[in-house]
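Here's the letter readout for the chains.
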Amino acid sequence: MRWLSILRITGFLQLLFGGMMLPSILVSLIYQDGQIWTLLSVFGITLLSSALLMYAGRKSKVEDIRRRDGYLIVSSGWFVAALFGSLPYFLGGHSSDWASAFFETVSGFTTTGATSFSDIEILPESILFWRSTTQWIGGMGIIVLTIAILPLLGIGGMELFASETPGPTKDKLHPRIRETARRLWVIYLMLTLLCGGLLDLGGMTAFEAANHAMCTMSSGGFSTRNASIAAWDSNIIHYTIIVFMFFAGTNFTLLYLLYQGQWKRLRNNEEFRTYLSIVLLLTGILTALSVFTNLPGEMGFRDSLFMVVSIITTTGFVTADYQSWMPFVTLLFVMMMLSGASAGSTSGGVKMVRYILLMKNTALEMKRLVHPRAIIPVRFNGNSVQPSIIYNIQAFIVLYIGILIFGTGLLTAFGLRVDTAFGAALSTLGNIGPAIGHLGPMDTFADLSAPIKILLSLLMLIGRLELFTVLILFSPYYWRN
């Protein structure tokens, strides 16, 4: 292990993280909300810890890091960011305990959107902005991670997901990662600014528009209102958020190709076609069923489309309570929670490309049984998929289901009802936000005990970092020479 290199890179990540606190400090100065000294203190603590880590690793050579070091850097970087990010909530007295503050921060950085606050609207403006900032950082962080970093580590078949984008070499970090990250940042920033501008024109204040734009493009779901997007009875606001949630659930490499005018690549992409088809199909089903809930035609269509896009992209904004519609609708939303949107997007969940490849491989197994000597490769977008990627995806899904069942069991042991425990585990592992049972779209996680919040925080981190990144650290093989 290159411990000095790990310390140096973690310190540099902390430096970048500390810099992201500056906008919240500025918001506190503008609104005079009484949080300036808390935020400045956290800013100082973060910079000091960053300086100490970078000084400790000053003699290291970052270019010499290996794959094994990368796992620890990624996992520790997110954990440390969540640890320091919880300080504004805890030191400012907004969270009743550290577990709640940590839960809120992890929910932000993993873009889950589940909240430990029972009343969001009483929070100072700078704290609301910090919540949104954590989601915006987390959204872009996972894009760079899945497209530029995870192919280096060989995690979760991400080599396939990143195949359209110039990325790193397989042996060590490569300067082209910086170019990839820069392009992704430009697209992410442009879409965020465009979303915020349209929300401002639609009737939100500039402050609310900025917050919701960050939480929309990150597939995060934090809102400045207790009622989430249902607080605005505006077609313009609802449809604007729908469009940008859909963009956020699209592979960002495809958005980059679309930006370059390569429309055919978007149209011919199997995952995107599946993503769009499922959204349209489920919206049609829910719109048809909305007549039984006495919703008018346009409102039924809008609420159905909004909630389908919100849940399938794991954004978590709500305009309606899907648990109040009918039991079959709740089942559909559970299936959407198990799906997720596109790989290489800001959404969480299993991702559609994994299901596509799993179903294709299952169908081909029938042919292989009839023709055992035939070599029949799985194809995706016209290209053969390496068997190692198929094995990786199979292991990922088995592990995902196993963690989901194990997490549900632990939550029931802590006293939650089975439906609530399953919903909480599914929501946090998939980074979704709303759940089922007593943690539905109109509820918060505020009343849960501290041990449950810590457990759910770990599930959020494991799910956001594609399972293997975190779990491999607990394997004895990782620590052996």
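Residues numbered from 1 in each chain as written. Predicted model: local features only at pLDDT ≥ 70, side-chain atom pairs only at ≥ 80, totals over all residues. Heavy atoms only, no water.

Undergrad: Provide a residue-level description of the nonpolar core, including the pertinent values.
TA: Here is a general trend for soluble globular proteins: nonpolar side chains tend to be buried in one another's company. Ranked by internal contacts, the top residues of the largest apolar core, which has 127 residues, are Ile241, Phe333, Leu411 and Leu456. The element that contributes the greatest number of residues to this core is helix 18 (residues 387-413), accounting for 9 residues. Other than its neighbours up to four places away in sequence, Leu411 contacts Leu416, Ala421, Ala424, Ala425, Ile452, Leu455 and Leu456. Counting 7 residues, the second largest nonpolar core, distinct from the first, contains Ile9, Ile73, Leu473 and Tyr478. (Core = buried A, V, L, I, M, F, W, Y, C linked by side-chain atoms within 4.5 Å. Buried < 20%, exposed > 50% of the residue type's maximum accessible area, 1.4 Å probe, protein only. Helix = DSSP H or I, 4+ residues; strand = E, 2+ residues; numbered from the N terminus. Contact = heavy atoms within 4.5 Å.)

Undergrad: Could you give an account of the pattern of salt bridges, naming the residues involved and the relevant values?
TA: Per the counting criterion, the structure on display carries 8 salt bridges. As a salt-bridge pair, Arg131 and Glu104 come within 2.9 Å of each other at their nearest N and O atoms. Residue Arg131 is found in helix 7 (residues 125-153), and its partner Glu104 is found in helix 6 (residues 98-109); the two are separated by 27 residues along the sequence. For Glu104, a relative accessible area of 0% corresponds to the buried category. The shortest N-O distance in the salt bridge between Lys360 and Glu270 comes to 2.5 Å. On the criterion of sequence distance, the pair formed by Lys360 in helix 17 (residues 352-370) and Glu270 in helix 14 (residues 270-289) is long-range, its members being 90 residues apart. (Salt bridge = Lys/Arg side-chain N within 4 Å of Asp/Glu carboxyl O.)

Undergrad: I'd like to hear about the packing of aromatic side chains, residue by residue, with values.
TA: Taken as a whole and judged by the stated rule, the model has 23 aromatic pairs. With centroids separated by 6.3 Å and ring planes inclined at 65°, the aromatic side chains of Trp325 and Phe333 adopt a geometry described as edge-to-face. Here the aromatic cluster, defined as three or more aromatic residues joined through ring pairs, consists of Trp3, Tyr71, Tyr478 and Trp479. For Arg58, the ring lying beneath its charged end belongs to Tyr55, and the centroid distance is 4.0 Å. (Phe/Tyr/Trp six-rings, centres within 6.5 Å; stacked < 30°, edge-to-face > 60°. Lys NZ or Arg CZ within 6 Å of the ring centre and 35° of its normal.)

Undergrad: Lay out helix 17 with the relevant residues and their values.
TA: Spanning 19 residues, helix 17 covers 28 Å between terminal C-alpha atoms, matching the ideal 27 Å at 1.5 Å per step. For helix 17, the full list of buried residues reads Met352, Val353, Arg354, Ile356, Leu357, Asn361 and Leu364. (Expected span 1.5 Å × (residues − 1).)

Undergrad: Just give me the short version of a nonpolar patch on the surface, but keep the residues and values in it.
TA: Together, Ile45, Phe79, Leu83, Phe90, Leu91 and Trp98 make up an exposed nonpolar region whose accessible area comes to about 500 Å². Mapped by element, the contributors of at least two residues to the nonpolar patch are helix 4 (67-85) and helix 5 (87-91). Position of Leu83 among the secondary structure elements: in helix 4. (Patch = residues over 30% accessible without salt bridge, like charges linked within 9 Å, V, L, I, M, F, W, Y side chains within 5 Å. Areas by Shrake-Rupley, 256 points an atom, 1.4 Å probe, with all protein chains shown as cover.)

Undergrad: Kindly report on the environment of Arg273, identifying the contributing residues and their values.
TA: With respect to the element layout, Arg273 can be found in helix 14. Sequence-wise, Arg273 and Phe79 are 194 residues apart; in three dimensions their C-alpha atoms are separated by 35 Å. When near neighbours in sequence (up to four residues on either side) are disregarded, Arg273 contacts Arg267 and Asn268. A distance of 3.0 Å separates a polar side-chain atom of Arg273 from the backbone oxygen of Asn268. (Polar contact = N/O pair within 3.5 Å; in protein donor to acceptor, adjacent residues only side chain to side chain.)

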